[in-house]
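# Working through the structure, step by step
So the chains spell out like this:
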Amino acid sequence: MRFHLKFYLHYLVLLGFSSVISIYGPHQRAQKTGDILLGGLFPIHFGVASKDQDLAARPMSTECVRYNFRGFRWLQSMIFAIEEINNSSTLLPNITLGYRIFDTCNTVSKGLEASLSFVAQNKIDSLNLDEFCNCKGNIPSTIAVVGASGSAVSTAVADLLGLFYIPQISYASSSRLLSNKNQYKSFMRTIPTDEYQAIAMAAIIDHFQWNWVIAIASDDEYGRPGIEKFENEMFHRDICIDLNVLISQYIDEAEIRRLADRIENSTAKVIAVFASGPDIEPLIKEMVRRNVTDRIWLASEAWASSSLVAKPEYLDVMGGTIGFALRAGHIPGFKEFLQQVHPKKSSHNEFVREFWEETFNCYLKDSPRNEDSENGSTSFRPLCTGEEDIASVETPYLDYTHLRISYNVYVAVYAIAQALQDILTCTPGKGLFANGSCADIRKVEAWQVLKQLRHLNFINSIGEKVCFDNGSELSANYTIINWHRSSEDGSVVFKEVGYYSIHNKNGAKLSIEKTKILWNGHLTEVPFSNCSEECEPGTRKGIIDGKPTCCFECTECSDGEFSDHKDASVCSKCPNNSWSNGNHTSCFLKEIEFLSWTEPFGIALALFALLGVLLTAFVLGVFVQFRDTPIVKASNRELSFLLLFSLICCFSSSLIFIGEPQDWTCRVRQPAFGISFVLCISCILIKTNRVLLVFEAKIPTSLHRKWWGLNLQFLLVFLFTFVQVMICVVWLYNAPPGSYKNYDIDEIIFITCNEGSMMALGFLIGYTCLLAAVCFFFAFKSRKLPENFTEAKFITFSMLIFFIVWISFIPAYFSTYGKFVSAVEVIAILASSFSLLACIFFNKVYIILLKPSRNTIEEVRCSTAAHSFKAAAKATLRHSSASRKRSSSVGGSSASSPSSSISMKTNGNETESSSTRRHSQKPRVSFGSGTVSLSLSFEEARKNLVK
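Residues numbered from 1 in each chain as written. Predicted model: local features only at pLDDT ≥ 70, side-chain atom pairs only at ≥ 80, totals over all residues. Heavy atoms only, no water.

The chain carries the name Extracellular calcium-sensing receptor in an unreviewed UniProt entry, which gives Cyprinus carpio as its organism. Listed under Sequence similarities (unreviewed entry) in UniProt, the entry text for the chain is "Belongs to the G-protein coupled receptor 3 family." We quote the UniProt Subcellular location (unreviewed entry) comment for the chain here in full: "Cell membrane". (UniProt positions renumbered as here; feature names shortened; annotations may be inferred.)

This is the structure we're talking about:
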């Protein structure tokens, strides 16, 4: 009972699957039995008729339309390779390969329909029904499938075949998604991945310096990944896409017209297309209808040589197309095999009948086309005689000059045969299966062939390495073709103009012979396809708000920047020692400037400084020569000598500011100037203050004379100067000045001194000005003393000039730059030095040299006497006025005239004053070595009485 039940179940399964095989799947096929069966999937038609199934009756199989001659040639390539292997005595001897080949009609549904027949047959074989029926006539399992062509079809087929570990080798599916071995475990291919083609396409656009393109892709597993990779490459190369759309062969006409409008309105002239021939054909037809001839088409491998669009009538629009083609291979004997095709000789190939009818535009007996013609559903065709000559017509089928996809099919079949050969020659213990076992070639299964293919490694006839391990892809070797019009018959000629190849070791290489390219079919000049005109050298690309980066405006480089090539993204900054020329295309060395000895301004300042030194030296010489004269003695000759020496130092310090600044000159010049001026001002201050104190003392004592002795004067000068010296020492220790190159000024490098500390410089000048202010105070107070003793008025005037100069110096110093900073300070030094020299000494030199009569002791005594008379008169008047006020307050009737005597004696004598000694002795006033007698008497009261 259990046996009968098992038999019944297996019978039902067999019956069910037999029905599936007989009625399911495409009826039209190429089939031949053999010991081992290979499957094939080829696009014998370009598509299917669009028909709305209303399901009022049982749905019928979709009809395939538009015969594909190239697809039929690819099918013939598989049959040729199988027959060549069957006839070989070295490859698979005593093993016959069979085939089952179906038409995918370039659609996923037809591809899956065909693949289900492969899977169904394999499932029947897996039931092992030989014990229940005679299965000698049964078709063996399909151990491998060659196909499909389109990536979308291969992706769907790979999902199905992968479930049953049936190896699939595609000859034209290049989508990079199929490189995922985890998802497509049994998928392999003999064509490079599109990832390389996308890189190559972007490289060509970059090569011709285009940056504004249109991208079009088929809306399937081939176009979407390809254009995505293309977009990434374009982004990395700073190339912009103006228009990016997806298309399909089933898109409606209105959408095609809208797309054509957008292309016509776009300023991009280059159109990169990742699509198959059937998908791009509707758009090409519309562009041809509109006669849009100013576009350059960049074709992917899938349609670069497609017979659907590579037509003579399209060349006015499509001429000059740049496309990618696989490297062509050579198949010996294939040409003769193609020419031998005939309906009577190809009983195993049902596709030959339709091929014959489409080639000669006739119909064969018992053809479905004959019935359609009789019913009036199709155009009338004559009956085929069977004597037609296939060589007399030109079709893509016989275009065997460049065998690319056909060669890939040939390689795929030989790869499977080589794997089977490895199984046949396997040595037990060295096999790929458990415990080193080998598969039985007579009972080989699909998964065993898949295992063997993954370890396959051989070189094809054009020298390329073929292997299908997990991480391997074929090397990308593309031929770059250009569509030309044949001068003989006007047909499309695919002219090879370059190549693109990628090798793992050497990287990518693009080679294009521009002289061979004809743009738009007849032009030799490379077309312009950029969003903006290229920027000339000296300018850079400026961003336009709201526009892609490829759309820009040309902006002139800023001063100090340059660009020496076209379309510069940024302007390069000139080095610190250089500056941009007038048109900003290059840089030239900046002119180095400083207060030079050779320039007119430097020479003038140096001459003035030397003049000051010479004049000061001359004055010093005069004073030395006439050092014993009263004028020199009255001027405190020792301090005058020191003052003149300090002026020489002041004039000399200005020379350090001239010439190229060095570190040592920068460290010396400010201290030299500061110390010299402090020494000068200190001398004037002590000199003026000494006389002022002596003349204002009512009773000059020995204490005054001792306090203002010569030694103390020099000590005070030293102390005042020492303070400035200490300021300079602290400055040089903590922040020493140094030479500095200022690159901030256009076209000029100013070599100046970095003062190190502006605060220290402020202390230096501030201390000098403080002494000058004190000196001005004492000079102003001494302005009424005898001119021979002090030059108060002139000192006051010189101090005013000094203040004006140095107060003006501060804003001038901070508002100037470069060499003018040094020039301003030199001018300030010279102006203040000349004012001191002129105001203090020129008058005395004038008297000494030109008015010697005034340089006598009597002149000095008279001057002193006049001053004493004025002072005594003022004092007596004040005293008399005070006495009268006291007398009037007590009621006195008369007042005696007061008398006053003043006696002054220098050279160590004490001063005596007596009201009783009126005329008996004349008081004396002595100064220096001379003595002047003076007697003053006022008897105002007595004169009043006489009156």
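In the predicted model, the chain carries a mean pLDDT of 80, and 80% of its residues have values of at least 70. This stretch, residues 1-25, has a pLDDT under 50; its non-local contacts, to residues over four places away or in other chains, come to 18 contacts. Across residues 890-947, where pLDDT falls below 50, the model places 76 contacts with residues more than four positions away in sequence or in other chains. (pLDDT = per-residue confidence, 0-100. Contact = heavy atoms within 4.5 Å.)

Inspection of every chain in the model, using the stated rule, returns 33 aromatic pairs. Ring geometry for tyrosine 67 against phenylalanine 355: centres 6.5 Å apart, planes inclined by 40°, an arrangement best described as tilted. Residue tyrosine 67 is located in strand S4 (residues 64-67), and its partner phenylalanine 355 is located in helix H11 (residues 351-360); the two are separated by 288 residues in the primary sequence. Take tyrosine 67 and phenylalanine 355: they sit in the same class, and that class is buried. The rings of Phe80, Phe334, Phe337, Tyr407, Tyr410 and Tyr414 are connected pair by pair, giving a single aromatic cluster. (Phe/Tyr/Trp six-rings, centres within 6.5 Å; stacked < 30°, edge-to-face > 60°. Helix = DSSP H or I, 4+ residues; strand = E, 2+ residues; numbered from the N terminus. Buried < 20%, exposed > 50% of the residue type's maximum accessible area, 1.4 Å probe, protein only.)

The subject of this paragraph is the state of the cysteines. Throughout the structure, instances matching the rule amount to nine disulfides. Note on cysteine connectivity: cysteine 240 is disulfide-linked to cysteine 550, with sulfurs 2.1 Å apart. Of note, the bridge from cysteine 240 to cysteine 550 carries an S-S torsion of about 90° and is right-handed in sense. Pair noted here: cysteine 240 is in strand S10 (residues 240-247) and cysteine 550 is in the loop between strand S19 (539-543) and strand S20 (552-556), with a separation of 310 residues, a long-range link. What makes cysteine 240 buried here is its relative accessible area of 9%. The class for cysteine 550 is buried, based on a relative accessible area of 3%. There is a disulfide in this structure between cysteine 531 and cysteine 551, and the S-S distance comes to 1.8 Å. With the S-S dihedral at roughly 95°, the linkage between cysteine 531 and cysteine 551 falls on the right-handed side. Of this pair, cysteine 531 sits in the loop between strand S18 (507-512) and S19 while cysteine 551 is found in the loop between S19 and S20, placing the two residues 20 residues apart along the sequence. Of all cysteine sulfurs, the one in cysteine 650 lies closest to cysteine 649, which takes part in no disulfide; the gap is 7.0 Å. For cysteine 649, a relative accessible area of 23% puts it in the partly exposed group. (Disulfide = S-S within 2.5 Å.)

At a closest axis distance of 9 Å, the pairing of helix H20 (residues 710-734) and helix H21 (residues 758-781) adopts a crossing angle of 170°. The orientation of H20 with respect to H21, classified from their angle, is roughly antiparallel. Within the contact between the two elements, H20 uses Phe720, Val723, Gln724, Ile727, Cys728 and Trp731 and H21 uses Ala760, Leu761, Phe763, Leu764, Tyr767, Thr768 and Leu771. Taken together, the residues of the contact of H20 with H21 break down into eleven nonpolar, two polar and no charged. (Axes fitted to C-alpha atoms, helices over the stretch in contact; angles between N-to-C directions. Parallel < 35°, antiparallel > 145°, perpendicular 65-115°, else oblique. Nonpolar A, V, L, I, M, F, W, Y, C, P; charged D, E, K, R; others polar.)

Per the UniProt entry, the sites bearing "transmembrane region" (unreviewed entry) are residues 7-25, 601-626, 638-659, 671-693, 714-733, 760-780, 792-814 and 820-842 in this numbering. Taken as a whole, residues 638-659 contains 82% helix and 0% strand, while its terminal C-alpha atoms sit 35 Å from one another. Helix makes up 100% of residues 714-733 and strand 0%, with an end-to-end C-alpha separation of 28 Å.

A few words on the side chain of glutamate 286. Checked against the element boundaries, glutamate 286 lands in helix H8 (residues 277-290). Reaching out from glutamate 286, the side chain makes a polar contact with the side chain of arginine 289 at a distance of 2.5 Å. The residues touching glutamate 286, leaving out its near neighbours within four places in the chain, are Ile256, Arg257 and Ala260. (Polar contact = N/O pair within 3.5 Å; in protein donor to acceptor, adjacent residues only side chain to side chain.)

A separate point is the pattern of salt bridges. On inspection of all chains with the given rule, the structure shows 24 salt bridges. A salt bridge links arginine 224 to aspartate 219; the nearest nitrogen and oxygen atoms lie 2.6 Å apart. The structure contains a network of salt bridges with shared partners spanning Glu195, Asp206, Lys229, Glu233 and Arg237. (Salt bridge = Lys/Arg side-chain N within 4 Å of Asp/Glu carboxyl O.)

Turning our attention to a negative patch on the surface. A contiguous patch of negative charge, built from Glu556, Asp559, Asp746 and Glu747, is present on the exposed surface. Among the structural elements, glutamate 747 can be located in the loop between strand S26 (738-742) and strand S27 (748-754). Overall, glutamate 747 belongs to the partly exposed group, its relative accessible area being 42%. (Patch = residues over 30% accessible without salt bridge, like charges linked within 9 Å, V, L, I, M, F, W, Y side chains within 5 Å. Areas by Shrake-Rupley, 256 points an atom, 1.4 Å probe, with all protein chains shown as cover. Lys, Arg positive; Asp, Glu negative; His and termini not counted. Charge placed at Lys NZ, Arg CZ, Asp CG, Glu CD.)

Quick look at the sheet that holds strand S1 (residues 29-32) now. Sheet strands associate in pairs through backbone hydrogen bonding, adopting either a parallel or an antiparallel arrangement. The strand order across the open sheet formed by six strands is S1-S5-S2-S6-S7-S8, and the pairing between neighbours is mixed. Edge positions in the open sheet fall to S1 and strand S8 (187-189), since each of these has one partner strand only. Averaged over all adjacent pairs, the angle separating strand axes in this sheet is 20°, with direction ignored. Bridge count for strand S2 (residues 36-42) against strand S6 (residues 142-146) is four bridges, and the pairing is parallel. Considered in S6, the bridge of glycine 40 is made with valine 146. Helix H13 (residues 405-424) contacts S2, strand S5 (97-103), S6 and strand S7 (168-170) of the sheet and is inclined by roughly 155° relative to S6. Helix H14 (residues 446-454) rests against S6, S7 and S8 of the sheet, and its axis sits at about 50° to S6. (Pairing = 2+ DSSP bridges.)

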